[in-house]
Amino acid sequence: MPLLPFLTAMLVGVLPVPASPRTAPTFNGSVYAIAHRGDTVYVGGAFTAATDGGRTYQRSRLAAFDARTGRLLDWAPSADGTVRALAATPESVYAAGDFHEVDGEDRDALARLHPSSGAVGSFSHDLSGTAYSLAAGNDRLYLGGSFTAVDGERRRNLAAFDLRTGRLDPRWRPVTDDTVHTLATAGSKLYLGGGFHVVNGVKGTLRLAAVNGVSGAVDPVFRPRVPAEVRAVAIDTSGVQVATAGVGGRAISYAHTGALRWQRVFDGDAAAIATGGGITYVGGHFDAICRTERNGVKGGCVDGSTPRFKLAALTATGTLTGWAPRANGVIGVRVLTVHRGTVAAGGDFTMIDGRDRRRFAA
């Protein structure tokens, strides 16, 4: 890390994760989802093969590897369509997406998988629409997307399932008027972001809101004003961080009250966000971060910019750090996680800092 960003990070008491890529499998198609369970990393997407140690293995949209060694595991359930979201619990791995079968079993957009064997569990539901996001908490599995019903029961873009029984929760019934792209749990709260205008008919819930994870009621305090569609949400003790699309993407931090803390503007969409150790990591379609919040009609930075190719890191006050791995491609990064001191990135890129990192990098 260059000296000045290093000293700046030291002053605020945090350091970003080192930018050197670690060993991990690569994939022949897009990676949309990453989940962690202990030392196992689960990956979902549109791929049909994974490469590890110079050998290629069939992996139909689901795969797992050991985070310590980077070695691909035998865990290999096969989905017949894109996996867009994953959530891991101590007992199971849940997948959501565009699939209709997993290992030959009928599973309409949702599946529960054994975390070690990959066996398909009995969890089975019918979804009228598209699933985009999953989150686990409060003894529930939460689902977000663009749908109108689950098992024939009216559910507008949000639903919850009992983690013990697998049944659709009959009482948790918040609704949005448009797509939910992302979910994140924090204690008894569930944060949701997307393209919606209102949640439960409550004003001030445009694109980002918090609801009670048990009752579904909208949080009475959290009322952020988000300028563009929310693609990803990350929660830490300092606040709620979001990645937005629009004309020039943004990474925005809100206090838990909904008050704006800081925002940074990029020259392309911000599609992914994750936090760890006081640092916020951002991924997306951008090639630079703007020096001010001003950008042009096509998203370009008006007052100058600093190169950041699809990945960037910001301190707890929104200050840019020296962490700057260079990913290639047009779409770039779709998903980010931080787990045990490692940033994991998935997307459509094929190289990081000139090294072969097809669609996944750690």
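In what follows, the accompanying structure is described.

## Examining the nonpolar core
- By size, the foremost hydrophobic cluster in this structure holds 17 residues, and its most contacted members are Leu 134, Leu 143 and Phe 161.
- Mapped by element, the contributors of at least two residues to this core are strand E7 (83-88), strand E8 (93-97), strand E12 (127-137), strand E13 (140-150) and strand E15 (158-162).
- When residues in this core are grouped by element, the largest group, 4 residues, is from E13.

## Quick notes on the sheet that holds strand E3 (residues 40-45)
- Spatially, E2-E3-E6 is the arrangement adopted by the 3 strands of the open sheet, whose pairing is antiparallel. Among the strands making up the open sheet, the edge pair consists of strand E2 (31-37) and strand E6 (62-66). The average angle at which neighbouring strand axes cross in this sheet is 20 degrees, direction not considered.

## As for the state of the cysteines
- According to the stated counting rule, one finds 1 disulfide in the structure shown.
- Paired through a disulfide, Cys 290 and Cys 301 show a sulfur-sulfur distance of 2.0 Å. The S-S bond linking Cys 290 to Cys 301 shows a torsion near -75 degrees; that makes this disulfide left-handed. Here the residue Cys 290 occupies a position in strand E25 (residues 288-290), and Cys 301 occupies one in the loop between E25 and strand E26 (305-307), the gap between them amounting to 11 residues.
- The exposure class assigned to Cys 290 is buried, which follows from its relative accessible area of 0%.
- On the accessibility criterion, Cys 301 (23% relative accessible area) is partly exposed.

## Observations regarding the sheet that holds strand E18 (residues 208-212)
- Strand order in the open sheet formed by 3 strands is E16-E17-E18, with antiparallel pairing between adjacent strands. If you trace the sheet from one side to the other, it starts and ends with strand E16 (180-186) and E18, each paired once. If you compare each strand with its neighbour and ignore which way they point, the axes differ by 25 degrees on average.
- Sheet topology note: the E16/strand E17 (residues 189-194) ladder contains 6 bridges and is antiparallel. Across the sheet, Ala 186 pairs through a bridge with Lys 189, a residue of E17.

## Focus: the side chain of Asp 52
- The residue Asp 52 is located in strand E4 (residues 49-52) in this model.
- Within polar-contact distance, the side chain of Asp 52 engages the side chain of Arg 71 at 3.3 Å.
- Every residue in contact with Asp 52, bar those within four places of it in the chain, is listed here: Tyr 57, Gly 70, Arg 71 and Leu 72.

## Some points on the pattern of salt bridges
- Here the structure, examined in full by the defined rule, presents 15 salt bridges.
- A salt bridge links Arg 71 to Asp 52; its shortest N-O distance comes to 3.3 Å. Residue Arg 71 is found in the loop between E6 and E7, and its partner Asp 52 is found in strand E4; the two are separated by 19 residues along the sequence.
- One salt bridge in this structure joins Arg 358 and Asp 356, with 3.0 Å as the shortest N-O distance.

## A short note on the pairing of E15
- Among the 5 residues of E15, 4 are classified as buried, and the element is accordingly described as predominantly covered.
- As judged from the 5 bridges shared by E13 and E15, these two strands associate in the antiparallel manner. Looking at the pairing, Arg 140 lines up with Asp 162 of E15.

## Details of a negative patch on the surface
- There is a patch of like negative charges on the surface, built from Asp 80, Glu 101, Asp 103, Glu 105 and Asp 106.
- Summarising the element assignment, Glu 101 is placed in strand E9 (residues 101-102).
- A relative accessible area of 34% places Glu 101 in the partly exposed class.

## Brief notes about the side chain of Ser 60
- By the secondary structure assignment, Ser 60 is in the loop between strand E5 (55-58) and E6.
- Looking at Ser 60, its side chain comes within polar contact range of the side chain of Ser 78, at 3.5 Å.
- In contact with Ser 60, other than residues within four places in its own chain, are Phe 47, Thr 48, Pro 77, Ser 78 and Ala 79.

## A few points about the packing of aromatic side chains
- Considering all chains together, one arrives at 10 aromatic pairs under this definition.
- With centroids separated by 4.5 Å and ring planes inclined at 40 degrees, the aromatic side chains of Phe 27 and Phe 47 adopt a geometry described as tilted. With Phe 27 in strand E1 (residues 26-27) and Phe 47 in the loop between E3 and E4, the pair connects residues that are 20 residues apart, well separated along the chain. Here Phe 27 and Phe 47 have matching classes, each one buried.
- Aromatic pair Phe 27 and Phe 360: ring centres 6.4 Å apart, planes at 75 degrees, arrangement edge-to-face. Taken together, the residues span a long stretch of sequence, with Phe 27 in strand E1 and Phe 360 in strand E32 (residues 360-361) at a distance of 333 residues.
- Put simply, the rings of Phe 27, Phe 47, Phe 65 and Phe 360 touch in pairs and so form one group of aromatic residues.

Conventions we followed
Residues numbered from 1 in each chain as written. Predicted model: local features only at pLDDT ≥ 70, side-chain atom pairs only at ≥ 80, totals over all residues. Heavy atoms only, no water. Core = buried A, V, L, I, M, F, W, Y, C linked by side-chain atoms within 4.5 Å. Buried < 20%, exposed > 50% of the residue type's maximum accessible area, 1.4 Å probe, protein only. Helix = DSSP H or I, 4+ residues; strand = E, 2+ residues; numbered from the N terminus. Pairing = 2+ DSSP bridges. Axes fitted to C-alpha atoms, helices over the stretch in contact; angles between N-to-C directions. Disulfide = S-S within 2.5 Å. Polar contact = N/O pair within 3.5 Å; in protein donor to acceptor, adjacent residues only side chain to side chain. Contact = heavy atoms within 4.5 Å. Salt bridge = Lys/Arg side-chain N within 4 Å of Asp/Glu carboxyl O. Patch = residues over 30% accessible without salt bridge, like charges linked within 9 Å, V, L, I, M, F, W, Y side chains within 5 Å. Areas by Shrake-Rupley, 256 points an atom, 1.4 Å probe, with all protein chains shown as cover. Lys, Arg positive; Asp, Glu negative; His and termini not counted. Charge placed at Lys NZ, Arg CZ, Asp CG, Glu CD. Phe/Tyr/Trp six-rings, centres within 6.5 Å; stacked < 30°, edge-to-face > 60°.

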